[in-house]
Protein chains: 2
Amino acid sequence: MDPVIEHLTTIVGARGVLGPADLGARADGIFSSETMQGRALVRPANTAEVSAVMRWCHEQGLVVIPHGGLTGLTHATKSGPSDIIISTERMRAIEAIDPMQRTATVQAGVTLQALQEAVEAQGMIYPLDLGARGTATLGGTVATNAGGNRVLRYGMTRDMVLGLEAVLADGTVISSLYPLIKNNTGYDLKHLFIGSEGTLGVITRLVLRLREKPLASHTAMVAVETFDQVAGLLRHMDRALGGALSSFEVMWRSYYTLVTTPPAKGRAPLPNGHSFYVLLESQGSAPERDAENFQEALGAAMEQGLLVDAMIAQSESETRALWAIRDDVVQLRRDGDPVGFDISLPVSRMDDYVREVERRLEALPIKSLLYVFGHLGDGNLHVVVAVPGGFTPDLKHEIETAVYAPLQARGGSVSAEHGIGLDKKPWLPVSRTEPELAVMRHQARARSARAAQSRQDFGPARRLRSDCSRLKRSTVARKSGVIAR
Amino acid sequence: MDPVIEHLTTIVGARGVLGPADLGARADGIFSSETMQGRALVRPANTAEVSAVMRWCHEQGLVVIPHGGLTGLTHATKSGPSDIIISTERMRAIEAIDPMQRTATVQAGVTLQALQEAVEAQGMIYPLDLGARGTATLGGTVATNAGGNRVLRYGMTRDMVLGLEAVLADGTVISSLYPLIKNNTGYDLKHLFIGSEGTLGVITRLVLRLREKPLASHTAMVAVETFDQVAGLLRHMDRALGGALSSFEVMWRSYYTLVTTPPAKGRAPLPNGHSFYVLLESQGSAPERDAENFQEALGAAMEQGLLVDAMIAQSESETRALWAIRDDVVQLRRDGDPVGFDISLPVSRMDDYVREVERRLEALPIKSLLYVFGHLGDGNLHVVVAVPGGFTPDLKHEIETAVYAPLQARGGSVSAEHGIGLDKKPWLPVSRTEPELAVMRHQARARSARAAQSRQDFGPARRLRSDCSRLKRSTVARKSGVIAR
């Protein structure tokens, strides 16, 4: 038996360790057709076991890759044959739900949906929501600072984390499991781990903030002719609904046509041919008053010329049908795997940006189709380029350049909510400056040092993979001409 | 002329530097009767000047203390005769307000009130609000992660900062001036600086998130008999108002009596003698519908036995009168300077906590008066102990022990929104563990290193005062017996 597996078994028990043969039977991501690679996959049951595993791997010089639900879209969890994978799949305890403080204390391996269901039974919600809810783990959503459909109202995952416990590369447990909304006692260290994608440590437990369950919800689809009107509608509805606006999802014309035309199952609730379609949702507390408010707000928007057509859902099934149109992203795969992007930029630059991407794609030597939709209320667009004839790696790079390059001059970001992973590593310098990257590299080094307290000891990170090397300015990005600095 | 002043003048001009004589004419805080001490006070006009000043002071081994509006309550800005003070008082430009992106880009020395007024003129709000608004600078509110009265609805200052620029001790400019709500590109470094109280660098510019201006506001004072009912009322109102609840301010009986009895100017809107009084505010968009909703929600609370008496403000002047009662904190100084605290803890532990503090104060060899009020919606209480006979330093320490010691077992924090400064330095280990403090010390060291990029160079912080030494476990705290670890 591999002595590594043998030793890990002494820490977590036989049930807690899988070897290469077992890994060969697992996919390395929920959207992946490849199998998982690794020397061992360890499944600790609690923080103490995570700490013991990390300490030992650190001493042995083994690379450790943390795994949650593997629903990420940027290949952050990709492992090689000599890596040790540490999975939170056996850390699924919802330890406490406090209805007075409105907090939940959970282990990192609990799925988003498991927590949603547990707190809804007590009249509350955990407001994060995304398509992968049944598989995505809470630890993973925190490690990637997940967004989703209701950021406009409730913020990103970052805004829902009150307390966090993580194990550093050397096994040190940093426990900041505070249930407090306000806690100004020195640096708020949890924010370093939120969005760090497993590069600074393994998140083991969380205290999450819950909210009261909304008592009423209203949904509409509207059609708009110009982008300025879309932006004006966002402000108008946000003001008119006084804090209840929870979603403002925009679809550019080509995406709307795609998802409302066969073979898509959805049928167009408003005629095709308008420039933009917006899916609006309000979440409030007074069903009848909210309905009047919602209708009046849309009526006023029409009078002000901010929209040309609107359809308000009259039932739960109509609401579901409207959301199903927005969410029918599998239509994007009709012509094979597309190239997908998750970017953000100021609303005032979006229209101009999309036109620039269109121009750049048209200049390429292949025919491609551009689909744009996203969470406009948060400045977040999903840009998808389908290439009916398929694409080579070189062509993929040209497409990436067409989408990423115009972001820099417009103050945009190469990742709004999906993170960097391995996929966007070459493009990070488009969005972050060299001094910022230097600070990040330093953080990665410090956390993976043998002893965080001793300043003699800051060796390069070797323990947690995807360490600072991910943050290095890449030659690919240099070559692309994107980097002007 | 002092060569230090001479050299600083070459960087910022004669108008930009004050010497010891000028400092002797300035108070060292807006609530202080002491004058400012220092070798020089430098007033740079922009980031480049801040960087040049910091670089030179760093080379010279001079201690630099950053100053904003000096409205802090924890003596974080206290300087000594050999210190260099760097003040943002000449960095008062509101550089841009973007109504489409709903952001403001400002220099750090802009006052809170100046920004509030500028954005309200464009139909928006910057939702942070606190008593010192006319003097407090935006840089200071970010450095201390200020709270205030509407955290329940809009969050802390941290939640309003989209982008941040800071100058490190060695003059390095870290510019993360992103206007984006979503930006998952590596570690979110701004959170390190938010709440760091000037220990990691000088905040120079900010991109702040604006919100739509609420179109309707409703306010009420209610009386409640038990703490469980107060906690139940919070959940009930939050649910019933569907996101519009913006303040939930609780006053314990003794505070309410103090501020509604002569010589206080306020008169009791509800009779004295109940156990708790709550000031409630909702901010929505539909004046009439919101008014009905607010009234119905309070009516339902009364039917459910969550409150015994209520008074809804019927005019702007009645609203102001209710807030004036809550805000009449100067009454606490009737018997000389009291000992004031700003703590947070889980709502479920508050009642029990306040009783424990009462018991401990009664056991002291002096007569003291305990006043409790605060932002219950955020778990934040202000605890004030008045000692009519005055107090010695030893007695003050006993009072601090009575208030802080019972927090530890209840998962509370010694600072909810005021920060640590120099005052609470000895008490920090009550709320944070040794591994957390070790990480904080490391952060302070790294940021003040000569070259942040070079790992050979992490000397102890000597540049920015209140460096890691503030974070050391104090012998005072040890002696007090508070620290069990």
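Residues numbered from 1 in each chain as written. Chains lettered and ligands numbered in written order. Predicted model: local features only at pLDDT ≥ 70, side-chain atom pairs only at ≥ 80, totals over all residues. Heavy atoms only, no water.

*Asks:* Explain the overall build of chain A residue by residue, including any values.
*Replies:* When its secondary structure is counted, chain A shows 16 helices and 18 strands. At 23 Å, chain A has a C-alpha radius of gyration in line with the 23 Å of a compact globule built from 485 residues. Principal axes of the C-alpha set define a box for chain A whose edges measure 70 × 60 × 45 Å. Relative to its full complement of 485 residues, chain A shows a buried share of 60%. About 17,400 Å² of surface is accessible on chain A, with carbon and sulfur atoms providing 51% of the total. Across chain A, the 53 positively charged side chains and the 53 negatively charged ones have centroids separated by 6 Å. (Helix = DSSP H or I, 4+ residues; strand = E, 2+ residues; numbered from the N terminus. Rg over C-alpha atoms; globule rule 2.2 N^0.38 Å. Buried < 20%, exposed > 50% of the residue type's maximum accessible area, 1.4 Å probe, protein only. Areas by Shrake-Rupley, 256 points an atom, 1.4 Å probe, with all protein chains shown as cover. Lys, Arg positive; Asp, Glu negative; His and termini not counted. Charge placed at Lys NZ, Arg CZ, Asp CG, Glu CD.)

*Asks:* Please give an account of the relation of the copies chain A and chain B that cites residues and values.
*Replies:* Note on the identical chains: chain A maps onto chain B by a rotation of 180° and an axial translation of 0.0 Å, with an RMSD of 0.0 Å. Both copies are brought into coincidence by an operation consistent with a two-fold rotation axis. A share of 98% of interface residues in chain A that are also interface residues in chain B marks the association as one of identical surfaces. (Least-squares fit on C-alpha atoms with pLDDT ≥ 70 in both. Contact = heavy atoms within 4.5 Å.)

*Asks:* For the packing of aromatic side chains, give the residues involved together with the corresponding values.
*Replies:* As enumerated under the stated definition, the model contains 14 aromatic pairs over all chains in all. Ring-pair connections join several aromatic residues into one group, and the members of that group are Phe227, Trp252 and Phe276 of chain A. (Phe/Tyr/Trp six-rings, centres within 6.5 Å; stacked < 30°, edge-to-face > 60°.)

*Asks:* Could you give an account of the pattern of salt bridges, naming the residues involved and the relevant values?
*Replies:* One pass over the structure, following the stated rule, counts 64 salt bridges over all chains. Two residues, arginine 326 of chain A and aspartate 327 of chain A, come together in a salt bridge whose shortest N-O distance is 3.4 Å. On the basis of relative accessible area, arginine 326 of chain A is assigned to the buried category, the value being 4%. Its salt-bridge partner being lysine 424 of chain A, residue aspartate 342 of chain A comes within 3.9 Å of it at the nearest N-O pair. Within this pair, whereas aspartate 342 of chain A is found in strand E16 (residues 339-344), its partner lysine 424 of chain A is found in the loop between helix H13 (393-408) and helix H14 (428-431), the two being separated by 82 residues in sequence. Relative accessible area serves as the criterion here: at 0%, aspartate 342 of chain A is assigned to the buried category. By relative accessible area, which is 6% here, lysine 424 of chain A ends up buried. Put simply, Arg102 and Glu212 of chain A together with Arg235, Asp238 and Arg239 of chain B are held in one network by salt bridges that share partners. (Salt bridge = Lys/Arg side-chain N within 4 Å of Asp/Glu carboxyl O.)

*Asks:* Got a sec to walk through the interface of chain A and chain B? Specific residues and values, please.
*Replies:* Tallying the contact residues gives 102 residues for chain A and 100 residues for chain B. Three residues stand out in chain A for area buried against chain B, namely Lys182, Asn184 and Tyr187 of chain A, and they jointly supply 13% of the buried area on that side. If you look at where chain A meets chain B, you find 16 salt bridges. Ionic pairing is found between glutamate 296 of chain B and arginine 289 of chain A, a salt bridge with its closest N-O pair at 2.4 Å. On inspection of chain A and its partner chain B, the count reaches 58 residue pairs in polar contact (both at pLDDT 80 or more). The leading source of residues in the side of chain A that touches chain B is helix H15 (residues 434-447) of chain A, at 11 residues. (Buried area = accessible area lost by both parts, 1.4 Å probe. Polar contact = N/O pair within 3.5 Å; in protein donor to acceptor, adjacent residues only side chain to side chain.)

*Asks:* Pulling in residues and values, what's your account of the packing of helix H8 (residues 227-241) of chain B against helix H10 (residues 287-303) of chain B?
*Replies:* All names here are of chain B. Contact pair H8 / H10: the axes reach a minimum separation of 10 Å and the direction vectors enclose 145°. For the pair H8 and H10, the sense of crossing is right-handed. Two secondary-structure elements touch here, H8 through Leu233, His236, Met237, Ala240 and Leu241 and H10 through Asn293, Phe294, Ala297, Leu298, Ala300 and Ala301. When grouped by side-chain class, the residues that make up the contact of H8 with H10 number 9 nonpolar, 2 polar and no charged. (Axes fitted to C-alpha atoms, helices over the stretch in contact; angles between N-to-C directions. Left-handed = near helix turned anticlockwise from the far one by under 90°. Nonpolar A, V, L, I, M, F, W, Y, C, P; charged D, E, K, R; others polar.)

*Asks:* Break down the side chain of arginine 235 of chain B for me, citing the residues and quoting the values.
*Replies:* The residue arginine 235 of chain B is located in helix H8 in this model. By relative accessible area, arginine 235 of chain B is classed as buried at 13%. When neighbours within four sequence positions are excluded, arginine 235 of chain B is seen to be in contact with Pro99, Arg102, Gln122, Gly123, Met124 and Glu212 of chain A.

*Asks:* Could you give an account of the sheet that holds strand E8 (residues 161-167) of chain A, with specific residues and numbers?
*Replies:* Hydrogen bonds between backbone atoms are what pair the strands of a sheet, whose relative direction is either parallel or antiparallel. Residues and elements named next belong to chain A. Strand order in the open sheet formed by 5 strands is E5-E6-E10-E8-E9, and the pairing between neighbours is antiparallel. Edge strands, defined here as strands with exactly one partner in the open sheet, are strand E5 (94-98) and strand E9 (173-176). Adjacent strand axes in the sheet meet at a mean angle of 10°, parallel and antiparallel pairs treated alike. Inspection of the sheet shows E8 paired to E9 by 4 bridges, in the antiparallel sense. Bridge assignment links glutamate 165 to a residue of E9, and that residue is serine 175. (Pairing = 2+ DSSP bridges.)

*Asks:* Go over the nonpolar core, please, and point to the residues and values.
*Replies:* Ranked by internal contacts, the top residues of the largest apolar core, which has 185 residues, are Phe248 of chain A together with Phe248 of chain B. Setting aside residues up to four positions removed in sequence, phenylalanine 248 of chain A forms contacts with Leu152, Val230, Leu233, Leu234, Val278, Leu279, Leu280, Gly374, His375, Leu376 and Gly377 of chain A. (Core = buried A, V, L, I, M, F, W, Y, C linked by side-chain atoms within 4.5 Å.)

*Asks:* How would you sum up the sheet that holds strand E2 (residues 40-42) of chain A? Please name residues and give values.
*Replies:* Residue and element names in this part refer to chain A. Strand order across the open sheet formed by 4 strands is E1-E2-E4-E3, with mixed pairing between neighbours. In the strand order of this sheet, the two ends are held by strand E1 (17-18) and strand E3 (64-67), each with one partner. As defined by bridge partners, E3 adjoins strand E4 (residues 84-87) across 4 bridges and the pair is classed as parallel. Among the inter-strand pairings, histidine 67 is bridged to a residue of E4, identified as serine 87. Where helix H3 (residues 47-60) meets the sheet, its contacts fall on E2, E3 and E4, and the angle it forms with E4 comes to roughly 165°.

*Asks:* Describe the environment of proline 338 of chain B, listing the residues and the values that go with them.
*Replies:* Residues and elements named next belong to chain B. Note that proline 338 resides in the loop between helix H11 (316-326) and strand E16 (339-344). With 35 residues separating them in the primary sequence, proline 338 and phenylalanine 373 have C-alpha atoms 15 Å apart. Every residue in contact with proline 338, bar those within four places of it in the chain, is listed here: Leu332, Arg333, Val384, Val385, Ala386 and Phe391.

*Asks:* How would you sum up the pairing of E5 of chain A? Please name residues and give values.
*Replies:* Side chains on a regular strand alternate between the two faces of the sheet. All names here are of chain A. One ladder, built from 4 bridges, connects E5 with strand E6 (residues 103-107); its direction is antiparallel. Counterpart to aspartate 98 in the pairing with E6 is threonine 103. Here E5 hands over to E6 after 4 residues, with arginine 102 in that stretch at a positive phi of 60°.

*Asks:* Could you give me a rundown of the environment of glycine 155 of chain B, with the residues and numbers involved?
*Replies:* All names here are of chain B. On the secondary structure map, glycine 155 appears in the loop between helix H6 (151-154) and strand E8 (161-167). For glycine 155, a relative accessible area of 13% gives the class buried. Between the C-alpha atom of glycine 155 and that of leucine 128, which follows or precedes it by 27 residues, the distance is 8.5 Å. When residues no more than four places from it in sequence are discounted, the contact partners of glycine 155 are Arg150 and Met160.

*Asks:* A description of helix H12 (residues 347-362) of chain B should follow, citing residues and the corresponding values.
*Replies:* All names here are of chain B. The end-to-end C-alpha distance of H12, which contains 16 residues, comes to 24 Å, matching closely the 22 Å that a straight helix rising 1.5 Å per residue would cover. Of all the positions in H12, only Val347, Met350, Tyr353, Val354, Glu356, Val357 and Leu361 are classed as buried. In this structure, the buried residues of H12 make contact with H8, strand E13 (245-252), E16, strand E17 (369-375), strand E18 (380-386) and helix H13 (393-408). (Expected span 1.5 Å × (residues − 1).)

*Asks:* Before we move on, could you go through the packing of helix H10 (residues 287-303) of chain A against H10 of chain B and cite the residues and values that matter?
*Replies:* Closest axis-to-axis distance for the H10 of chain A/H10 of chain B pair is 11 Å, and the angle between their directions is 165°. One finds that H10 of chain A runs roughly antiparallel with respect to H10 of chain B. The interaxial crossing formed by H10 of chain A with H10 of chain B has left-handed handedness. Listed contacts from H10 of chain B to Arg289, Glu292, Asn293 and Glu296 of chain A of H10 of chain A are Arg289, Glu292, Asn293 and Glu296 of chain B. Here the residues of the contact of H10 of chain A with H10 of chain B sort into no nonpolar, 2 polar and 6 charged. (Parallel < 35°, antiparallel > 145°, perpendicular 65-115°, else oblique.)

*Asks:* Which residues make up H11 of chain B, and what values do they have?
*Replies:* All names here are of chain B. Among the residues of H11, those classed as buried are Thr319, Leu322, Trp323, Ile325 and Arg326. Buried residues along H11 cover an arc of 155° about the axis, so they all sit on one side. Taken together, the buried residues of H11 touch strand E12 (216-224), E13, helix H9 (253-259), strand E14 (276-284), strand E15 (309-312) and E17. (Arc of directions from axis to C-beta.)

*Asks:* Would you mind going over unusual backbone geometry in detail, with residue names and values included?
*Replies:* At the junction of proline 262 of chain A and proline 263 of chain A, the peptide bond is cis and its omega measures out at 5° in the coordinates. Examined against the element boundaries, proline 263 of chain A turns out to sit in the loop between helix H9 (253-259) and strand E14 (276-284). The backbone of asparagine 145 of chain A shows a phi angle near 45°, a positive value even though the residue is not glycine. Even without being glycine, histidine 75 of chain B reaches a positive phi, approximately 55°.

Just geometry here; none of it tells us what the structure is for.
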